[in-house]
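# Examination of the molecular architecture
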Amino acid sequence: MAAPLSRLSHIAFHVPAGTGLVSDLVDKFRFHLFASRVTACARQLALRKGAAVFLVNERLGEAPPAHTFPSDPTRPAPAQQPPLGHGDGEFLYDVSPSRPVSTASNVCFEVQDVPSVSRRLQERGCPLAIPPTDVTDDDGSVTYCVVRSVVGNISHTLLDRSRYRGAFLPGFRTAGDVPKGPRDPAEATHFDHITYACSRGSTQAVLDWYQHCFGFQRFVINRQEDAAEGYRIRGRGVGLRLTAMRYGKGSEPGLADDCKFVLAESLPEPGKNQVDTFLEQHGGAGIQHVGLYTADIVSTARALAEAGVQFVEPPRAYYSEAGKAEEIWEAGQDPRLLSQHGILLDGELAGDREGGGRGSSPRQRRYLMQIFTKPIFPEETFFLELIERRGAAGFGEGNIRALWKSVQAYLDKE
Ligand SMILES: O=C(O)C(=O)Cc1ccc(O)cc1
């Protein structure tokens with residue numbers, strides 16, 4: 001049996017010190033810093049927005065010699081530290097990605113029984129980068145292991161925090177103030193999807209690996225997609241092959257336990273494209289973007305733009321395309337407001353994903369709205385997305401084309 005995952009815990013970045021990622025997440029994206037761990041050579045900061053948690057791992061200087069484990073000047077040493085020789089000792093709960101560039105490289109899941117999950121992974125031929133390891137502090141203990149994915153520099157930390165009462169993980173101090181009052185409706189609430197930029201021709205092997213190791217299921221993005229080839233969108237400046245998978249049973253679109261994994265591959269088309277640009281500047285495959293779910297994308301986009309977040313601009317003709325304004329009005333949205341913020345809207349017809357007859361079903365007002373930020377690191381690699389789903393669980397061709405072109409126009413200008 002594949003190794004069962006309970007829920008997504010957090011996504012970890014690895015960045016050199018001084019990239020400004022933490023201050024951008026706090027000041028611009030309105031995340032709250034809630035836990036930190038500082039050693040002589042690494043700073044690990046956990047930031048939260050609803051159920052969406054990012055862990056930012058910053059390298060502060062040279063790594064320590066392999067035989068030492070860094071002491072934490074900010075709190076007493078945990079009772080049990082990871083054994084030496086596993087990982088590189090710099091970052092707790094993770095391995096350092098080999099890339100020098102800033103990267104989002106670890107998707108961490110909670111599991112119930114780390115030793116049994118590790119055994120199953122090893123039986124399935126997935127070597128562990130860090131074997132089951134206990135870490136303890138005054139608030140309890142956590143067991144974790146780390147497995148490297150078949151995709152680029154991505155790894156997965158699997159942890160059991162059922163015996164832990166602290167704010168985040170053993171070894172971290174509580175930091176900052178997470179607001180306790182009623183949630184601001186303009187806040188994003190959780191991760192909707194994580195998109196991997198994959199090298200050409202690798203999708204099937206990636207699907208097979210995640211299915212074999214973790215029991216991921218294929219998720220149909222759109223009924224126009226082909227079972228073997230995925231959803232291919234090409235022509236008119238776009239060359240993209242998308243395939244998606246999910247780890248949970250899948251619930252109502254928009255719920256926190258329904259995070260999907262989207263695999264993006266470029267198709268041979270003239271000119272440079274954003275997936276290949278990612279692969280080149282990142283030094284290989286990896287996490288290209290993370291979709292943050294919000295129940296009110298207009299307010300969230302407005303608040304983030306006011307705080308300094310830069311979004312890519314939709315193609316100039318997007319809102320004046322035949323039928324677009326009508327489609328937006330029909331969905332109950334105002335095209336002037338969406339265009340003011342650069343938000344895209346795509347409808348999903350009943351049966352678009354389930355295989356029902358397109359055109360034969362009455363039009364349902366199921367739709368989604370999306371907007372991409374500009375890349376957030378100096379390299380043209382990782383970016384964030386805001387997404388609001390109104391009943392639509394997949395991704396529509398209209399939005400994908402427009403999003404692709406928005407990013408492309410931005411990259412071509414740079
Ligand atoms: O729409 C989304 O959020 C996707 O994940 C699809 C997608 C993937 C990669 C791109 O470069 C552009 C669009």
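Quick summary incoming for the structure in this document. Residue indices follow the written sequence of each chain, beginning from 1 at its first position. Note on the predicted model: pLDDT of at least 70 is required for a residue's local features to be given, and 80 or more for side-chain atom pairs to be given and counted; whole-chain, interface and lining totals, by contrast, use all residues. Heavy atoms from the whole structure form the basis of all side-chain values; hydrogens and water molecules are not counted.

### Quick look at the overall build of the chain
A run of H or I in DSSP counts as a helix once it spans at least four residues, and a run of E counts as a strand once it spans at least two, with each numbered from the N terminus. From N to C terminus, the chain includes eight helices and 18 strands. Looking at the chain as a whole, 57% of its 414 residues qualify as buried. Using a 1.4 Å probe, the Shrake-Rupley method yields the accessible areas, and only the shown protein chains count as cover for residues. Accessible area for the chain stands at about 17000 Å²; split by element, carbon and sulfur atoms hold 49% of it. Between buried and exposed lies partly exposed: a residue is buried under 20% and exposed over 50% of the maximum accessible area for its type, with that area taken using a 1.4 Å probe on protein chains only.

### Remarks on the side chain of Lys-49
When you line up the elements, Lys-49 lands in strand S3 (residues 42-49). Relative accessible area serves as the criterion here: at 3%, Lys-49 is assigned to the buried category. Note on contacts: a residue pair qualifies if any of its non-hydrogen atoms lie within 4.5 Å across the two residues. With residues up to four places along the chain from it excluded, the contact list for Lys-49 reads Phe-29, Arg-30, Phe-31, Glu-187, Ala-188, Thr-189 and Leu-304.

### Points about the site of the ligand
In this text, near means that some heavy atom of the residue lies within 4 Å of the molecule or strand in question. Looking at the ligand, there are 13 residues lining it, with His-193, Thr-195, Gln-274, Gln-288 and Glu-385 nearest. Pairs of N or O atoms are called polar contacts if they sit within 3.5 Å, as long as, within protein, a hydrogen donor faces a hydrogen acceptor (for residues adjacent in sequence, only side-chain-to-side-chain pairs). A distance of 2.9 Å separates an oxygen atom of the ligand from a polar atom in the side chain of Thr-195. Only strand S10 (188-197), strand S15 (286-294), strand S17 (366-372) and helix H8 (397-413) provide two or more residues apiece to the shell around the ligand. Note that Gly is not counted as nonpolar here; it falls among the polar residues with everything else outside the nonpolar set of Ala, Val, Leu, Ile, Met, Phe, Trp, Tyr, Cys and Pro and the charged set of Asp, Glu, Lys and Arg. When the residues that make up the shell around the ligand are grouped by side-chain class, the tally is six nonpolar, six polar and one charged.

### Looking at the packing of helix H4 (residues 274-282) against H8
Only the stretch in contact is used when fitting a helix axis, every axis being a line fitted to C-alpha atoms; angles between N-to-C directions are given from 0 to 180 degrees. Here H4 crosses H8 at 55°, and the two axes come no closer than 10 Å. Regarding the angle of H4 to H8, the classification is oblique. On H8, the residues that touch Gln-274, Val-275 and Thr-277 of H4 are Leu-403, Trp-404, Val-407, Gln-408 and Leu-411. Residue classes in the contact of H4 with H8 are distributed as five nonpolar, three polar and no charged. We call two directions roughly parallel when the angle between them is under 35 degrees, roughly antiparallel when it is over 145, roughly perpendicular when it lies between 65 and 115, and oblique otherwise.

### Some words on the side chain of Thr-189
If you trace the backbone, Thr-189 turns up in strand S10. A distance of 3.0 Å separates the side chain of Thr-189 from the side chain of His-190, its partner in a polar contact. The residues contacting Thr-189, other than those within four sequence positions of it, are Lys-49, Gly-50, Ala-51, Ala-52, Arg-183 and Tyr-293.

### Concerning unusual backbone geometry
At Arg-30, a residue that is not glycine, the phi angle is positive and equals roughly 60°. Along the chain, Arg-30 turns up in the loop between helix H1 (21-28) and strand S2 (32-38). Not every positive phi belongs to a glycine, and Tyr-93 is a case in point at roughly 70°. Inspection of the secondary structure puts Tyr-93 in the loop between strand S4 (52-59) and strand S5 (103-110).

### A word on the state of the cysteines
Criterion for a disulfide: a pair of cysteine sulfur atoms within 2.5 Å. Tallied over the entire structure, the rule returns one disulfide. Bridging Cys-126 to Cys-213, the disulfide has an S-S length of 2.5 Å. Handedness here is read from the sign of the S-S torsion; for Cys-126 and Cys-213, about -65°, the answer is left-handed. Taken as a pair, Cys-126 in the loop between helix H2 (114-123) and strand S6 (128-137) and Cys-213 in helix H3 (residues 203-214) lie far apart in primary sequence, 87 residues in all. Relative accessible area serves as the criterion here: at 0%, Cys-213 is assigned to the buried category. Cys-259 forms no disulfide, and the closest cysteine sulfur to it belongs to Cys-108, at a distance of 13 Å.

### Observations regarding the packing of aromatic side chains
Two rings from Phe, Tyr or Trp (for Trp, the six-membered ring) form a pair when their centres are within 6.5 Å of each other. A pair whose planes differ by under 30 degrees is stacked, one over 60 is edge-to-face, and the rest are tilted. Under the definition given, this model contains 24 aromatic pairs. What links up through ring pairs into an aromatic cluster is the set Phe-109, Tyr-196, Trp-209, Tyr-210, Phe-214, Phe-216, Tyr-247 and Phe-261. Over the aromatic face of Phe-34 sits the side chain of Arg-48, whose NZ or CZ is 4.6 Å from the ring centroid. Whether a charge sits over a ring depends on NZ of Lys or CZ of Arg being within 6 Å of the ring centre and within 35 degrees of the ring normal. Against the face of Phe-395 rests Arg-389, its NZ or CZ located 5.1 Å from the ring centre.

### Some words on H1
Looking only at H1, the buried set comprises Leu-21, Val-22 and Leu-25. For H1, the buried positions fall inside an angular range of 105° around the axis, keeping them on one side. Directly after H1, the chain includes Arg-30, whose backbone phi takes a positive value near 60°. Arc definition: directions from the helix axis to the C-beta atoms.

That is the geometry; function is a separate question.
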